[in-house]
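So you can see what is in the structure, the chains are spelled out below.
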2 protein chains.
Amino acid sequence: VSAGGAIVAGGVAALLFDVFGTVVDWRASIVREVRAFAAQHGIDLEAEAFADAWRGLYQPSMERVRSGAEPWLALDDLHLRSLHQLLAERGLDGLPEEAVLDLSLAWRRLDPWPESPAALRRLRERYVVAPVSNGNVALMVHLARHADLTWDAILGAEPARAYKPDPAVYLTAAALLRLPPERCLMVAAHNGDLCAAGALGFRTAFVHRPLEFGPERQGETPDGAYDFVAEDLADLADRLLD
Amino acid sequence: VSAGGAIVAGGVAALLFDVFGTVVDWRASIVREVRAFAAQHGIDLEAEAFADAWRGLYQPSMERVRSGAEPWLALDDLHLRSLHQLLAERGLDGLPEEAVLDLSLAWRRLDPWPESPAALRRLRERYVVAPVSNGNVALMVHLARHADLTWDAILGAEPARAYKPDPAVYLTAAALLRLPPERCLMVAAHNGDLCAAGALGFRTAFVHRPLEFGPERQGETPDGAYDFVAEDLADLADRLLD
């Protein structure tokens, strides 16, 4: 049955992407934003350490939603709350709220890894491409505009009102595309993400991002039986468009 | 506060589009698909009348969901059910199911009104643009690929699990974009759609589509106090990008 697009019958029809770290370089971008914020407000912040501490609160903040300790909150809101906490810990809780809110939205202004925009455009010629990120819809919309990412739809945590690796996130994405999991390829630089998706029947592609955590720490290395292990998204495109 | 994109501060930030009739020419496309289907299966179908009858079942089929008479069903499913009903009424219920399913997905292959693709690309340079259609996500994804429509996200009935003019559809779209209704402009060729959105505080733009129902019936004419009344999407773009 034709689904009205360029679909590879019986095979993978959609590529679902983790975004932070996999498609965009969150750390260098957040370091840059924190540094500019500190300069603008004449405060002393070690930008690399601050960026790592902020990202360090990412999993704990989502875990409160995952565990049911609190109701659904979008990642924009969790980012703002974590930022307030970090600033307060440093005695910086008197900064203008508008400026703090703007910094909290720095996650909408992350730069892509260099090859991501062109690789996504190539992949979209044959496959449906969508983020399946923990970022909320508005965050992903603005990030795509900033980083020139071409998506067919914004899927991920918010449509499911759950955070990865909750199965609901992956299964909601496949259901919205009306595809069974085995016709969806989850693409990520993180073993946990791929492990969760693979357990549900999704196909999996690991992408190496050795610089995700900066030059002094190593990115994840593949630790699972994945359908593809790629050097970057251009390499993945070469192999999927063979 | 910068939201990370090209946002007109204090004004309209997002354009939300009705799609069937407003952005794409459903009738000419469905007539073409029905005619091809009839030829392929050697059956006699008056394609224009069949297309109108199919669209005639659109509101009644959604009304069963709106009224609570049955649970959420995506428009792809309603289209298939209506098609089965129309074929059965004509004594044509013995056709291959795969062919009937493919015809039911003709709504993913509608052609755009001629100026729609370029106008959407222009509008996206300044505004977030998204469909707020009764079509489900997969339908809208494939339609956008077929008709070369550029969207930032797919919003509409399915994320709300409700059908327009249920307020939940419009309010869910604004909430997913994290915008108040007054910063969203609903664009449609239909008074009922704009009336429902306007009552919730959305801004409104009526687009003339005199040929929506074919050459022998007149399209809707504006019957309300709208922020904009445009000849087509190129005209709307000219005025919004002034």
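Structural data are supplied above this passage.
Below: a short report on this structure. (Residues numbered from 1 in each chain as written. Chains lettered and ligands numbered in written order. Predicted model: local features only at pLDDT ≥ 70, side-chain atom pairs only at ≥ 80, totals over all residues. Heavy atoms only, no water.)

## Notes on the overall build of chain A
Next, step 1: Scanning chain A from terminus to terminus reveals eleven helices and six strands.
Next, step 2: On the principal axes, the C-alpha backbone points of chain A span a range of 60 × 35 × 30 Å.
Next, step 3: Sorting the 242 residues of chain A into buried and exposed places 59% on the buried side.
Next, step 4: For chain A, the proportion of contacts with a sequence separation of at least 24, taken over those separated by at least 6, is 65%.
Next, step 5: With an accessible surface of roughly 9400 Å², chain A has 51% of that area assigned to carbon and sulfur atoms.
Next, step 6: In chain A, the 23 positive side-chain charges and the 35 negative ones have mean positions that sit 5 Å from each other. (Helix = DSSP H or I, 4+ residues; strand = E, 2+ residues; numbered from the N terminus. Buried < 20%, exposed > 50% of the residue type's maximum accessible area, 1.4 Å probe, protein only. Contact = heavy atoms within 4.5 Å. Areas by Shrake-Rupley, 256 points an atom, 1.4 Å probe, with all protein chains shown as cover. Lys, Arg positive; Asp, Glu negative; His and termini not counted. Charge placed at Lys NZ, Arg CZ, Asp CG, Glu CD.)

## What to know about the sheet that holds strand β2 (residues 128-133) of chain A
Residues and elements named next belong to chain A.
Next, step 1: In spatial order, the strands read β3-β2-β1-β4-β5-β6; together these six strands make up an open sheet with parallel pairing. Looking at the sheet topology across the chains shown, the edges are occupied by β3 (155-156) and β6 (228-230).
Next, step 2: The sheet strands contacting helix α11 (residues 233-240) are β1 (14-17), β4 (184-188), β5 (203-207) and β6, and the helix crosses β6 at an angle near 135°. (Pairing = 2+ DSSP bridges. Axes fitted to C-alpha atoms, helices over the stretch in contact; angles between N-to-C directions.)

## Here's the deal with the relation of the copies chain A and chain B
Next, step 1: Once turned by 180° and shifted 0.0 Å along the axis, chain A lies on chain B with an RMSD of 0.0 Å. Each copy turns onto its partner about a two-fold axis. Of every C-alpha in chain A, the one belonging to Ala153(A) sits nearest the axis of rotation, 2.6 Å from it.
Next, step 2: Here 100% of the interface residues in chain A have copies in chain B that are interface residues too; the copies meet face to matching face. (Least-squares fit on C-alpha atoms with pLDDT ≥ 70 in both.)

## Considering helix α10 (residues 191-199) of chain A
All names here are of chain A.
Next, step 1: Within the sequence span of α10, burial applies to Asn191, Asp193, Leu194, Ala196 and Ala197.
Next, step 2: On the buried face of α10, the contacting elements are α9 (167-177), β4 and β5.
Next, step 3: Gly201 sits one or two positions beyond α10 and adopts a positive phi of about 100°.

## A few points about the packing of helix α6 (residues 116-126) of chain A against α11(A)
Residues and elements named next belong to chain A.
Next, step 1: Between α6 and α11, the shortest axis-to-axis distance is 8 Å and the interhelical angle comes to 20°. Taken together, the axes of α6 and α11 are roughly parallel relative to one another. Between α6 and α11 lies a crossing whose hand is left-handed. Counted together, Ser116, Ala119, Arg122, Leu123 and Arg126 of α6 and Leu233, Ala234, Ala237, Asp238 and Leu240 of α11 form the full contact between these two elements.
Next, step 2: Classifying every residue of the contact of α6 with α11 gives six nonpolar, one polar and three charged. (Parallel < 35°, antiparallel > 145°, perpendicular 65-115°, else oblique. Left-handed = near helix turned anticlockwise from the far one by under 90°. Nonpolar A, V, L, I, M, F, W, Y, C, P; charged D, E, K, R; others polar.)

## Thoughts on the pattern of salt bridges
Residue and element names in this part refer to chain B.
Next, step 1: Scanning the model with the defined rule gives 44 salt bridges over all chains in all.
Next, step 2: A salt bridge links Lys164 to Asp18, with the nearest nitrogen and oxygen atoms 3.0 Å apart. In this pair, Lys164 is assigned in the loop between α8 (157-160) and α9 (167-176) and Asp18 in the loop between β1 (14-17) and α1 (26-41), connecting sequence segments 146 residues apart.
Next, step 3: Measuring nitrogen to oxygen at the nearest pair gives 2.8 Å for the salt bridge that ties Arg66 to Glu63. Of this pair, Arg66 and Glu63 both sit in helix α3 (residues 58-66), three residues apart, roughly one helical turn.
Next, step 4: Accessibility expressed as a relative area gives 25% for Arg66, which makes it partly exposed. (Salt bridge = Lys/Arg side-chain N within 4 Å of Asp/Glu carboxyl O.)

## Brief notes about the pairing of strand β2 (residues 128-133) of chain B
Residue and element names in this part refer to chain B.
Next, step 1: Judged by how many residues are buried, β2 sits mostly within the fold: six of six residues are covered.
Next, step 2: By the alternation rule, side chains of β2 split into Val128, Ala130 and Val132 and Val129, Pro131 and Ser133, which are all buried.
Next, step 3: Bridge count for β1 against β2 is four bridges, and the pairing is parallel. What sits directly across from Leu15, in β2, is Val129.
Next, step 4: Examined bridge by bridge, β2 and strand β3 (residues 155-156) share two bridges and lie parallel to one another. Bridge pairing in β3 links Val132 to Leu155.

## With respect to the interface of chain A and chain B
Next, step 1: With 35 residues of chain A at the contact, the number on the chain B side is 35 residues.
Next, step 2: Summing both partners gives a buried area of about 2800 Å² for chain A against chain B, and 53% of it is carried by carbon and sulfur.
Next, step 3: Taken together, the connections running from chain A to chain B amount to six salt bridges.
Next, step 4: Close ionic contact of Arg145(A) with Asp152(B) constitutes a salt bridge, the shortest N to O distance being 2.9 Å.
Next, step 5: In this assembly, chain A and chain B are joined by twelve residue pairs in polar contact (both at pLDDT 80 or more).
Next, step 6: When contributions to the side of chain A that touches chain B are tallied by element, the ones reaching two or more residues are α4 (75-89), α5 (97-104), α6, α7 (137-147) and α9 of chain A.
Next, step 7: In terms of residue count, α7(A) provides more of the side of chain A that touches chain B than any other element does, six residues in total.
Next, step 8: Across the side of chain A that touches chain B, the residue classes tally to 16 nonpolar, six polar and 13 charged. (Buried area = accessible area lost by both parts, 1.4 Å probe. Polar contact = N/O pair within 3.5 Å; in protein donor to acceptor, adjacent residues only side chain to side chain.)

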